[in-house]
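Descriptive analysis of the structure
The primary structure of each chain is shown beneath.
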Amino acid sequence: MLKLIFLCRRRPDVTHDRYVDWLLAEHVPLALRHHPTLRRYVVNLVEGTRGPAPPLDSIGELWFDSLADYRERLYDGPEGERTIAHDVARFIGGVDAYATVEHVQRTPTASPSTGRRTPGDKLFVCLVRPPGLDRPAFAAHWLGRHAPLALRHHATVRYVTNVVEERLSPAGADYDGFAELEFPPGEMERGIYLSSDGQAEIEADMPRFIGTVHAYLVGEYVERW
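The notes below deal with the structure included here. Computed from a predicted model, the values in this text were never measured in an experiment. (Residues numbered from 1 in each chain as written. Predicted model: local features only at pLDDT ≥ 70, side-chain atom pairs only at ≥ 80, totals over all residues. Heavy atoms only, no water.)

1. Quick look at the sheet that holds strand β3 (residues 58–64)
- Within the closed barrel, the eight strands sit side by side as β1-β3-β2-β8-β5-β7-β6-β4. Their pairing is antiparallel. Strand-to-strand twist in this sheet, taken as the mean axis angle between neighbours without regard to direction, amounts to 35°.
- As judged from the eight bridges shared by strand β4 (residues 92–106) and strand β6 (residues 158–167), these two strands associate in the antiparallel manner. Bridging from a neighbouring strand, Tyr98 pairs with Arg167 of β6.
- On the sheet, helix α3 (residues 78–91) packs against β1 (2–10) and β4 and is oriented at approximately 105° with respect to β4.
- Where helix α4 (residues 135–153) meets the sheet, its contacts fall on β4, β5 (121–128), β6 and β7 (177–183), and the angle it forms with β6 comes to roughly 175°. (Pairing = 2+ DSSP bridges. Helix = DSSP H or I, 4+ residues; strand = E, 2+ residues; numbered from the N terminus. Axes fitted to C-alpha atoms, helices over the stretch in contact; angles between N-to-C directions. Contact = heavy atoms within 4.5 Å.)

Shown next, in the form of structure tokens:
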């Protein structure tokens, strides 16, 4: 399946709390009703950042069988398209969209529960490669070298690497990848590394393929799986 990632910002006249209420209570049910080709749908509500990062209010993860299902068959009809457009205009101020290839590095054996916050903590990390490194080399290092380190040195229950294939929106940061790291409850308070040696190995490797990191603390809501 194709995985699309949407970085979303609220309208200036809408508070973050109102945005969250609108998204979960009103927009999500409309999206599930009027997007017939939507296979999976996860909403990440931004609760904070780890270091400097551009302001975001939510990060959407949407799966389709193909890009054509998103571009040409997204709505169940003209009325559904109008309903979604009207709803989005009420609370969303801007969206940056990316098509990615998902690589699930670690995941729980049980399917996630839907319609409620996933227990634990989640980091959603946006990555830009350093100057002089092309995207294939970035992806090769991330998947072949860094991902095994992350699996070894982070106490994650789920770890996913998403390599960007294309930015779909006309504007937005030129991100090369998005990482998802989910931790058991309380694990992030103790630190995201299993040991100081592991932390040193991870941090020494990051500059070899990462130039910029924007990390968001999010609450995950699986809406369709």
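Once you've had a look at it, read on.
2. Details of the nonpolar core
- Grouped together as the largest cluster of nonpolar side chains are 23 residues, with contacts concentrated most on Tyr19, Leu23, Tyr41 and Val43.
- Among the elements of the structure, β1, α1 (16–34), β2 (40–49), β3 and β4 are those that each provide at least two residues to this core.
- Here this core takes six residues from α1, the largest share from any one element.
- Setting aside residues no more than four positions away along its own chain, Tyr41 makes contact with Leu23, His27, Val28, Ala31, Leu32, Glu61, Leu62, Trp63, Tyr221, Val222, Glu223 and Arg224. (Core = buried A, V, L, I, M, F, W, Y, C linked by side-chain atoms within 4.5 Å. Buried < 20%, exposed > 50% of the residue type's maximum accessible area, 1.4 Å probe, protein only.)

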